[in-house]
Amino acid sequence: MMKFLAAILALTFSLQAFAQERELEYEGAANWNDFRKYVLTQQELDQQKGLGYIISGTVAAVGGAIGFYQSEEVFSRTAFAITSNIGLAAIGVGASYYWTGSSVDSFFYAIDGSSLSLAEKNEVLQRYLDKEREEKENRRWIRVVTYGLIAAANLYSASQEKSADVQSVFYFLAGANALLAVSYSF
């Protein structure tokens, strides 16, 4: 049972990590030249991160597939299948990082290639940063509520479940999602 819970935990947090939208992390002032340096550095980091996801995802996908076909135990086959699927998802995430960057890139290239003066670019950047910060805060609270509701639903399911094994899985999922809700509340 403990192995099963560990597999569910790994799957829960792995899928949650893949589902995260990449957000703007720029915290500086609305200075176009500083923002430009930030974006260009982030693009390099995104390519490195993307390559890392592609390589590790390939290892996980291939290793999971090999393990799946060499294993005879149901739990092991399930764990290997999950590993392979997470590896394939990681390859997709890596490709997205490597070839498409982030939504900030589109904004950056639209403004950087424009005929706006530096003062106008700074003004547009300020408006963009204000809106992005507002939306980031909204997304954070949506995550808190979402994971809180998932925790409550699993807690309710656990209280209604007759099987002790299934009940412990629901309690585990409730706890894991409650931790996620708490983590986003800060």
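Residues numbered from 1 in each chain as written. Predicted model: local features only at pLDDT ≥ 70, side-chain atom pairs only at ≥ 80, totals over all residues. Heavy atoms only, no water.

Engineer: Help me understand the packing of helix H2 (residues 32-70) against helix H5 (residues 118-160) in this model?
Structural biologist: Relative orientation and spacing of two packed helices are given, respectively, by the angle between their axes and the distance between those axes. Between H2 and H5, the shortest axis-to-axis distance is 9 Å and the interhelical angle comes to 65°. By the angle between their directions, the pair H2 and H5 is classed as roughly perpendicular. Note on element contacts: H5 touches H2 through Leu-118, Lys-121, Asn-122 and Leu-125, opposite Trp-32, Asn-33 and Phe-35. A breakdown of the residues in the contact of H2 with H5 according to their chemical character gives four nonpolar, two polar and one charged. (Axes fitted to C-alpha atoms, helices over the stretch in contact; angles between N-to-C directions. Helix = DSSP H or I, 4+ residues; strand = E, 2+ residues; numbered from the N terminus. Parallel < 35°, antiparallel > 145°, perpendicular 65-115°, else oblique. Contact = heavy atoms within 4.5 Å. Nonpolar A, V, L, I, M, F, W, Y, C, P; charged D, E, K, R; others polar.)

Engineer: Would you explain the nonpolar core in this entry?
Structural biologist: When a protein is soluble and globular, its nonpolar side chains tend to lie buried together. Counting residues in each nonpolar core, the largest one holds 14 residues, and the members touching the most others are Leu-24, Trp-32, Phe-35, Phe-107, Leu-125, Tyr-128 and Leu-129. Elements represented by at least two residues in this core include exactly H2, helix H4 (103-112) and H5. Those residues in contact with Trp-32, other than ones at most four positions away along the chain, are Phe-107, Phe-108, Ile-111, Asp-112, Leu-118, Lys-121, Asn-122 and Leu-125. Judged by nonpolar contacts, the second largest core, of five residues, contains Val-144, Leu-180, Ala-181 and Tyr-184. (Core = buried A, V, L, I, M, F, W, Y, C linked by side-chain atoms within 4.5 Å. Buried < 20%, exposed > 50% of the residue type's maximum accessible area, 1.4 Å probe, protein only.)

Engineer: Looking at this model, I keep getting lost on the packing of aromatic side chains. Mind explaining?
Structural biologist: The relation between two aromatic rings is expressed through the spacing of the ring centres and the mutual angle of the planes. All told, the structure shown has 13 aromatic pairs when counted by the stated rule. Judged by centre distance (5.7 Å) and plane angle (10°), the ring pair of Trp-32 and Phe-108 falls under stacked. Of this pair, Trp-32 sits in helix H2 while Phe-108 sits in helix H4, and the two are 76 residues apart along the sequence. Residue classification places Trp-32 among the buried residues on the basis of a relative accessible area of 2%. Residue Phe-108 is classed as buried on the basis of its relative accessible area of 1%. (Phe/Tyr/Trp six-rings, centres within 6.5 Å; stacked < 30°, edge-to-face > 60°.)

Engineer: Can you walk me through the packing of H4 against H5 in this structure?
Structural biologist: Taken N-terminus to C-terminus, the directions of H4 and H5 make an angle of 160°; their axes are 11 Å apart at the nearest point. In terms of orientation, H4 and H5 fall into the roughly antiparallel class. Crossing of H4 against H5: the hand is right-handed. Across the interface between the two elements, Val-104, Phe-107, Ile-111 and Asp-112 of H4 pack against Lys-121, Val-124, Leu-125 and Tyr-128 of H5. For the contact of H4 with H5, the class distribution of residues is six nonpolar, no polar and two charged. (Left-handed = near helix turned anticlockwise from the far one by under 90°.)

Engineer: Can you walk me through the pattern of salt bridges in this structure?
Structural biologist: Once the charged atoms of two side chains with opposite charge are near each other, the side chains can pair. Inspection of every chain in the model, using the stated rule, returns seven salt bridges. The partner of Glu-135 in a salt bridge is Lys-131, with the nearest N and O atoms 3.9 Å apart. You can see Glu-135 and its partner Lys-131 sitting in helix H5, four residues apart, about one turn around the helix. Put simply, Glu-137 and Arg-140 hold a salt bridge, and the shortest N to O gap is 2.6 Å. Of the two residues, Glu-137 and Arg-140 are both situated in helix H5; the distance of three residues between them amounts to about one turn of the helix. Each member of the salt-bridge network shares a partner with another, and the members are Lys-131, Glu-134, Glu-135 and Arg-139. (Salt bridge = Lys/Arg side-chain N within 4 Å of Asp/Glu carboxyl O.)

Engineer: Looking at this structure, I do not really get the environment of Phe-172. What am I missing?
Structural biologist: Here Phe-172 is to be found in helix H6 (residues 164-184). Residue Phe-172 is classed as partly exposed on the basis of its relative accessible area, which comes to 23%. Separated by 14 residues in sequence, Phe-172 and Ala-158 place their C-alpha atoms 9.3 Å apart.

Engineer: Mind showing me how you'd approach the environment of Asn-33 here?
Structural biologist: The topology assignment puts Asn-33 in helix H2. On a C-alpha basis, the gap between Asn-33 and Asp-112 in space is 9.9 Å, while along the polypeptide they are 79 residues apart.

Coordinates in, geometry out; function isn't part of it.
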